Amino acid sequence: MGDKAGTRVFKKSSPNCKITVYLGKRDFVDHLDHVDPVDGVLLVDQEYLKDRKVFVTLTCAFRYGREDLDVLGLSFRKDLHVSTVQAFPPLQETKTPPSRLQERLLKKLGQHAYPFHFTVPQNLPCSVTLQPGAEDTGKACGVDYELRAFCAKTVEEKIHQRNSVQLLIRKVQYAPEKPGPQPTAEASRSFLLSDRALHLEASLDKELYYHGEPISVNVHVTNNSTKSVKRVKISVRQYADICLFSTAQYKCAVAQVEADDQVSPSSTSCQVYTLTPMLGTNREKRGLALDGKLKHEDTNLASSSIVKEGTNKEMMGILVSYRVKVKLVVSRGGDVAVELPFVLMHPKPSDQSSSQPQSVAPEADATVDTNLIEFEMNTSPQLDDLVFEDFARLGLTGMKDEGDPFC
């Protein structure tokens, strides 16, 4: 291959190595008018299968309770979408033309490789994880997408872990190409025994910010009252709307600054305050919404949710938004505050085949998985530039499937 970078392909095998799933990416983009299809290739051992079939299931689930609390058949989990296809033997009526990458994989893997394809509905949420506490165990709460391949005689048959493959993927959104208008807000307050008011005007320099990018807040105060402004408090707040049986909203400050900038009666003040919301300074906050996390990769604060008009919010699981709150602390007279909504997202990468969303200023403790395995074959240059990377999976020491004669 020389110095030319290959096309990354992710793979994962069942514990008994009889089924292997190949995917071109782990992040599937919601473009609002359509979602990237989830398509891949399955490599099977037909002698091992005998008279069984191979199914692939795509599940979008919202877990709203700790996994260790699942008792007596009660599960704190709601499946928002479940779709199943039969990959082997292939069904003619459900056959979809293979993508370019699928064609290359089928040619490289041989006659025992079979494609599969899922169309993701547009009304499903993006992957979001709620940050667990220090003592929480099991799967974290949030919205996740799971791809599972397994062999069985029927789709209703019990799935054995030894001959199944389970992969976590993500549904993501990137920043829109055309940002909205500049956020501005103002408020006035009159006080007792004061003829004139205290006026607050605040604005951001733009509506769209990328993860790791500093936010500049312009604050202009005109104090025509007889009261004095003692302090100015600026905070960036994350709002998470939990859309389940009813909608509940949780808020959390992810960046804040407090300045002793006093504004005397009959005077004005114009200041610019800078804040940078980042996960690195909020790792101890339980319940904070984060972008869906894959094993061995760091993540960031959850991106703002962009919802298509007319979407049923009960199917969205968790909706994330951000606002900057500007608050004036007034001596013996109450407070004056305004809020400025803005959008926090990743920029659209130039190459969407990358599995990790790109940020303007990546956090220092992010880790990169470089466990790449290259396969070279004496074929044309267009076919031998595939680079395979293993999906990490949990240790399976001592695992045994009881009652499965095929394992």
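Residues numbered from 1 in each chain as written. Predicted model: local features only at pLDDT ≥ 70, side-chain atom pairs only at ≥ 80, totals over all residues. Heavy atoms only, no water.

## Examining the overall build of the protein
Rule in force here: Going along the chain from the N terminus, every DSSP run of H or I of four or more residues is numbered as a helix, and every run of E of two or more is numbered as a strand. The classification of residues rests on relative accessible area computed with a 1.4 Å probe and restricted to protein chains. Under 20% of the type maximum is buried, over 50% is exposed, and intermediate values are partly exposed. Any pair of residues with heavy atoms lying within 4.5 Å of one another is described as a contacting pair. Calculation of accessible area relied on Shrake-Rupley with a 1.4 Å probe; when residues are assessed, cover is drawn exclusively from the protein chains displayed.
A count of helices and strands for the protein gives two helices and 22 strands. Looking at the protein as a whole, 45% of its 407 residues are labelled buried. For the protein, long-range pairs separated by at least 24 residues make up 69% of all intrachain contacts whose partners lie at least 6 apart in sequence. As displayed, the protein has an accessible area near 20,900 Å², and 50% of this comes from carbon and sulfur atoms.

## A word on the nonpolar core
Definition in use: Definition used in this section: a nonpolar core is a set of buried Ala, Val, Leu, Ile, Met, Phe, Trp, Tyr and Cys residues joined via side-chain atoms within 4.5 Å.
Counting residues in hydrophobic clusters, the biggest one holds 76 residues, and the most contacted among them are Leu42, Val217 and Val324. Per element, the largest residue contribution to this core is seven residues, and it comes from strand β19 (residues 317-330). Discounting chain neighbours no more than four positions away, the residues touching Leu42 are Ile19, Thr20, Val21, Val54, Val56, Ala87, His112, Ala113, Tyr114, Phe116 and Ala149.

## Observations regarding the pattern of salt bridges
Rules: Any carboxyl oxygen of Asp or Glu that lies within 4 Å of a side-chain nitrogen of Lys or Arg is treated as forming a salt bridge with it.
Overall, the coordinates contain eleven salt bridges when judged by the stated rule. In this structure, the salt-bridge partner of Glu103 is Arg100, at a minimum N-O distance of 3.8 Å. Remark: Arg100 and Glu103 occur in helix α2 (residues 100-109); sequence separation between them is three residues, near one turn of the helix. Residue Glu103 is classed as partly exposed on the basis of its relative accessible area of 39%. Measuring nitrogen to oxygen at the nearest pair gives 3.0 Å for the salt bridge that ties Arg323 to Glu339. Taken as a pair, Arg323 in strand β19 and Glu339 in strand β20 (residues 334-345) lie far apart in primary sequence, 16 residues in all.

## Examining the side chain of His81
Its location among the elements puts His81 in strand β6 (residues 77-88). With a relative accessible area of 19%, His81 lands in the buried category. Excluding residues that lie within four positions of it along the chain, His81 makes contacts with Leu58, Thr59, Cys60, Pro121 and Leu124.

## Structural notes on the confidence of the model for the protein
For clarity, the cut-off: As a per-residue measure, pLDDT tells how confident the predictor is, with possible values from 0 to 100.
Taken over all residues, the pLDDT of the protein has a mean of 79, while the share at 70 or more is 78%. Across residues 352-383, where pLDDT falls below 50, the model places 68 contacts with residues more than four positions away in sequence or in other chains.

## Focus on the packing of aromatic side chains
What counts here: The aromatic pairing rule takes the rings of Phe, Tyr and Trp, using the six-membered ring of Trp, and pairs them if the centres are within 6.5 Å, calling planes under 30 degrees apart stacked, those over 60 edge-to-face and the rest tilted. Only Lys NZ and Arg CZ are tested; either one counts as a charge over a ring when it is within 6 Å of the ring centre and within 35 degrees of the ring normal.
A complete count under the given rule lists five aromatic pairs for this structure. Aromatic side chains Tyr322 and Phe342 sit 5.9 Å apart centroid to centroid with 35° between the ring planes, which places their arrangement in the tilted category. Placement of the pair is Tyr322 in strand β19 and Phe342 in strand β20, with a sequence separation of 20 residues. Take Phe342: its relative accessible area is 4%, and that puts it in the buried class. We note Arg52 situated over the ring of Tyr48; from NZ or CZ to the ring centre the distance is 4.8 Å.

## A word on the sheet that holds strand β14 (residues 215-223)
Stated formally: A pair of strands counts as paired when DSSP detects no fewer than two bridges linking them. Here, axes are lines fitted to C-alpha atoms. For helices the fit covers the stretch in contact, and angles between N-to-C directions go from 0 to 180 degrees.
Here we have four strands laid out as an open sheet, ordered β11-β12-β14-β17, and antiparallel in their pairing. Edge positions in the sheet fall to β11 (184-190) and β17 (267-275), since each of these pairs with one other strand and no more. The mean angle between the axes of side-by-side strands here comes to 15°, regardless of whether they run parallel or antiparallel. Taken together, the seven bridges between β11 and strand β12 (residues 197-204) define a ladder with antiparallel strand orientation. Bridge pairing in β12 places Thr184 opposite Ser203.

## Observations regarding α2
What counts is decided by this rule: The directions from the helix axis to the C-beta atoms are what the arc is built from.
All of the buried residues along α2 are Gln102, Arg104, Leu105 and Lys108. Buried residues of α2 fall within an arc of 160° about the axis and therefore sit on the same side. Just past α2, the residue Gly110 takes up positive phi, approximately 100°.

## A few points about the pairing of strand β2 (residues 19-23)
Most of β2 is tucked away, with five of its five residues classed as buried. Of the two faces of β2, the one holding Ile19, Val21 and Leu23 and the one holding Thr20 and Tyr22 are both buried throughout. Pairing analysis gives four bridges linking strand β1 (residues 7-13) to β2, with the strands arranged antiparallel. Paired with Lys12 across the strands is Val21, a residue of β2.

## Section: the side chain of Ser203
In this fold, Ser203 is placed in strand β12. Classification of Ser203 as buried rests on a relative accessible area of 15%. Apart from residues lying up to four places away in sequence, Ser203 is in contact with Gln182, Pro183, Thr184, Ser216, Val217, Asn218 and Leu340.

## Here we look at the environment of Phe118
Its place among the elements puts Phe118 in strand β7 (residues 113-118). A relative accessible area of 2% means that Phe118 is categorised as buried. Considered as a pair, Phe118 and Asp39 are 79 residues apart in the sequence and their alpha carbons are 6.1 Å apart. The residues touching Phe118, leaving out its near neighbours within four places in the chain, are Pro37, Val38, Val56, Thr57, Leu58, Ser83, Thr84, Val85 and Leu147.

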